[in-house]
Amino acid sequence: MTTYENLHLKIFKEKGDMMEEEGLQQKISRVIYDLTGNFVKINSVRYEGPYIVIYTDNISFFLESDNYIAEIAKVLKERVVIRLERSLLLDPKKAKGEIEKIVQKEANIERYYFDSVFGEVIIEAGKPGLVIGQKGENLQKIKERTLWTPKVIRKPVESKIVKSSIIHAVRHIVYGNSAQRLSFYTKAGGRIHRIPVFKNSWVRMISLGGSKEVGRSCFLLQTQESNILLDCGINLGSKRDFLPYLGAPELDIDELDAVVVSHAHLDHCGAVPLLFKYGYRGPVYCTEPTRDLMALLQLDYIEVARKEGRPLIYTFKDIEEELLHTIPLEYETVTNISPEVKITFYNAGHVLGSAITHIHIGEGLHNIVYTGDFKFERTLLLERSEYRFPRLETLIMESTYGSVKNILPPREKSEALLIEYINKTLRREGTVLIPVLGVGRAQEILLILEKNFNRKKLIEAPVYVDGMIAEANAIHTTYPSFLSESLRNKILHRSMNPFTSELFTPISSREARLDILQQGSAIILATSGMLTGGPSVEYFKNMASDQRNSIIFVSYQVNGTLGREVQRQGKGGNVYMTNDGRGEIIRIEMDVYTVEGFSGHSDWMQLLSYAGKIQPKPSRVIIVHGEKSKSQELAHAIRSMRKIETTVPTNLEGVRLC
Ligand SMILES: [Zn+2]
């Protein structure tokens, strides 16, 4: 399209927005009249992000609005919020006093954020249930007496290993900059609700990274009207092919409608702040835990890079911009993200907050399910991934374990094996190093250790956690509703929070690391999970020459990482490491074990079972996020099993979906 045509279209779209808005206010008035039988004065209707926000000064309508929102939303086919004009809200100091009269002390309210722009009071409490009250009666009272809309969030539990400075920082950035957020929401709202110029007839997907490889996942969905980026990660295993192809001709950052982040691992979100560095100012959609975990991993990533003297691809400022532009979404709620694209998140079972994204394009033109990373089996931490969707034509699925050779042992067996290796090492007075991803595997392994200590199956020894595991634990504790049912019940109802167990001691300094290695046998969980940097590398260097020690890998090791090399060489082998620019050969005298089965990914059987069970049956499956041979093997198996067209794209290749 020429620049002239582009400009012409933009003017046309802006005019369209204004006309639409006038009509909308009348339409909403009519809908409300039909529902309530009353004429309610609407002061204004505004698009804010994916929401239609109705401003009124009619207090009784505002207080009863919960009864009508769903109905209005159904008619408008939009997400609706009703707000009272700001001038009517009670002064924050007085409102705080009122709330303290309504909510009992045991609720343990820690702090309030009065978000005057959004008319919301965010109440952070130790026991959110007591703030909410039976059937939400306290919330309704708070609303009636203060006219603020209350939102309750869980106060992160603080203990020896649960630190929560990241959550505080994230909340501070998000709730402390509401004026800036409102201006972003308004701008994004106008763009999401623009009148489409074309009746759309095609959809294509361009792979910008993460095809025939594990790492730097990044897929551009394109229609005539919309551009949506699914994930934007980095490849930790490669120095050369480290970033996605953000310079591809199809990607114009100014024309991007949305970035959807499936989960907080760096191979899916590591390059999102880079988009902001390049000038992107549109929305990022993900779940709330993903937002917090993503910030944690990105901050840790630049912090480790800085300490190790590697160049920083972005800074704290870019992460802050990303947070201010993030619109968190719940599971199973349909949300418009462009004039013709709706997305819905479903549980992916991979890590806390991970989502499978259902994408509906046009009025029934095309439906896509993007799995991101997913686990089609229950774990101690999470329920298994969702497999039923309203409609489906194209399935884009991961294939990390896409080979018949990748059948993971049952979890009980893996657990027994892990405990056996640990006990064996402790008996000979050695120390065990378990390199873990800070998010997901670390928590799963901590749950297993806790369980086996309690059952006296594990020899008693100090357990140290290092890296950002403690921060990640805090985020897990903050969002119990995203955890597996049994874990949620433990935390909510029985106050038995395994993440705050006294069994685990946090470590965070170099001196402390050397110290604990002098003190006799122990179990150490440290990031990074693939020995690509961070404390696990330090431990490895200091432990490798002692025959009594062991290293146990519990997650997938990407080609090109030190972890993969140690795994390949095994006991008696040599690995080459660089440190402060100097090369060094390390001889591995310690035992090297790999325990599979704790993976947050679906194994071969689970991948096939997912492709077999997914409803409705897709007409095409696109296989990504796997080594080339594995993606092809899985594609072949699904094609013969379900008689579905399967595609394994190459990076930079476009696939037309309809
Ligand atoms: Zn992942």
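Attention in this report is confined to the structure presented alongside it. Since the structure is predicted, the reported quantities are computational estimates derived from the model, not experimental observations.

## Thoughts on the overall build of the protein
Counting its regular elements, the protein contains 21 helices and 28 strands. For a compact globule of 658 residues, the expected C-alpha radius of gyration is about 26 Å, and the protein comes in at 26 Å, within 12% of that figure. In terms of overall dimensions, the protein has a C-alpha envelope of 80 × 60 × 45 Å along the principal axes. Considering only contacts in the protein between residues 6 or more positions apart, those separated by 24 or more positions represent 73%.

## Here's the deal with the sheet that holds strand β4 (residues 109-115)
Spatial strand order, β4-β5-β6: three strands in an open sheet with mixed pairing. The two strands at the open ends of the sheet, each matched to only one other strand, are β4 and β6 (149-154). With strand direction ignored, the average angle separating the axes of adjacent strands in the sheet is 20 degrees. In terms of strand pairing, β4 meets strand β5 (residues 120-125) through six bridges, oriented antiparallel. Counterpart to F114 in the pairing with β5 is V121.

## Notes on the environment of E158
Tracing the backbone shows E158 in the loop between β6 and α7 (165-176). For the pair E158 and N473, spaced 315 residues apart in the sequence, the C-alpha separation amounts to 10.0 Å.

## Considerations on helix α8 (residues 178-192)
The end-to-end C-alpha distance of α8 is 20 Å, a good match for the 21 Å that 15 residues give at a rise of 1.5 Å each. Buried residues of α8: R181, F184, Y185, A188, G189 and I192, and no others. Along the long axis of α8, the arc covered by the buried residues comes to 135 degrees, so they all point the same way. Exposed side of α8, more than 90 degrees from the buried face: A179 and S183 are the residues found there.

## Some details on unusual backbone geometry
Put simply, T527 and S528 share a cis peptide bond, and its omega is 0 degrees. Of note, S528 is situated in the loop between β21 (523-526) and α18 (535-543). Geometrically, the link from Q615 to P616 is a cis peptide bond, its omega value of -15 degrees lying close to zero. Along the polypeptide, P616 turns up in the loop between α20 (604-613) and β26 (620-624).

## Brief notes about the pairing of strand β2 (residues 51-56)
Summarising the sheet, strand β1 (residues 42-48) and β2 pair through six bridges and their orientation is antiparallel. Bridging across to β2, Y47 finds its partner in I52. In sequence, β1 turns back onto β2 through a hairpin of two residues, with G49 there showing a positive phi of about 55 degrees. Pairing of β2 with strand β3 (residues 79-84) involves six bridges; the strand directions are parallel. Note that in β3 the partner of I52 across the bridge is V80.

## Brief notes about the packing of helix α11 (residues 288-307) against helix α15 (residues 469-478)
Following both chains from N to C, one finds α11 and α15 inclined at 170 degrees, their axes separated by 10 Å at the closest point. Looking at the two axes, α11 sits roughly antiparallel to α15. Residue-level contacts link P289, D292, L293 and L296 of α11 to E471, A472 and I475 of α15. For the contact of α11 with α15, a count of residues per class yields five nonpolar, no polar and two charged.

## A word on the sheet that holds β21
In spatial order, the strands read β20-β19-β21-β18-β22-β25; together these six strands make up an open sheet with parallel pairing. A single partner strand is all that each edge strand has here, and the edge strands are β20 (504-507) and β25 (591-594). For this sheet, the mean angle separating the axes of adjacent strands, direction not counted, is 25 degrees. Both strand β22 (residues 550-553) and β25 contribute to a ladder of four bridges, which runs parallel. Across the sheet, S550 pairs through a bridge with D591, a residue of β25.

## Some details on α20
Along α20, the residues classified as buried are W604, Q606, L607, Y610 and A611. Packed against the buried residues of α20 are β26 and α21 (628-642).

## Some points on the environment of P506
Examined against the element boundaries, P506 turns out to sit in strand β20. Taking the C-alpha atoms as reference points, P506 and A470, separated by 36 residues in sequence, lie 7.0 Å from one another.

## Comments concerning the environment of L293
Its location among the elements puts L293 in helix α11. When the 31 C-beta atoms within 10 Å are taken as the criterion, L293 is described as buried. Spatially, the C-alpha atoms of L293 and H265 are 8.4 Å apart, while their sequence positions differ by 28 residues.

What counts and what doesn't
- Residues numbered from 1 in each chain as written.
- Predicted model: local features only at pLDDT ≥ 70, side-chain atom pairs only at ≥ 80, totals over all residues.
- Helix = DSSP H or I, 4+ residues; strand = E, 2+ residues; numbered from the N terminus.
- Rg over C-alpha atoms; globule rule 2.2 N^0.38 Å.
- Contact = placed C-beta atoms within 7 Å.
- Pairing = 2+ DSSP bridges.
- Axes fitted to C-alpha atoms, helices over the stretch in contact; angles between N-to-C directions.
- Expected span 1.5 Å × (residues − 1).
- Buried ≥ 20, exposed ≤ 12 C-beta atoms within 10 Å, placed from the backbone.
- Arc of directions from axis to C-beta.
- Parallel < 35°, antiparallel > 145°, perpendicular 65-115°, else oblique.
- Nonpolar A, V, L, I, M, F, W, Y, C, P; charged D, E, K, R; others polar.

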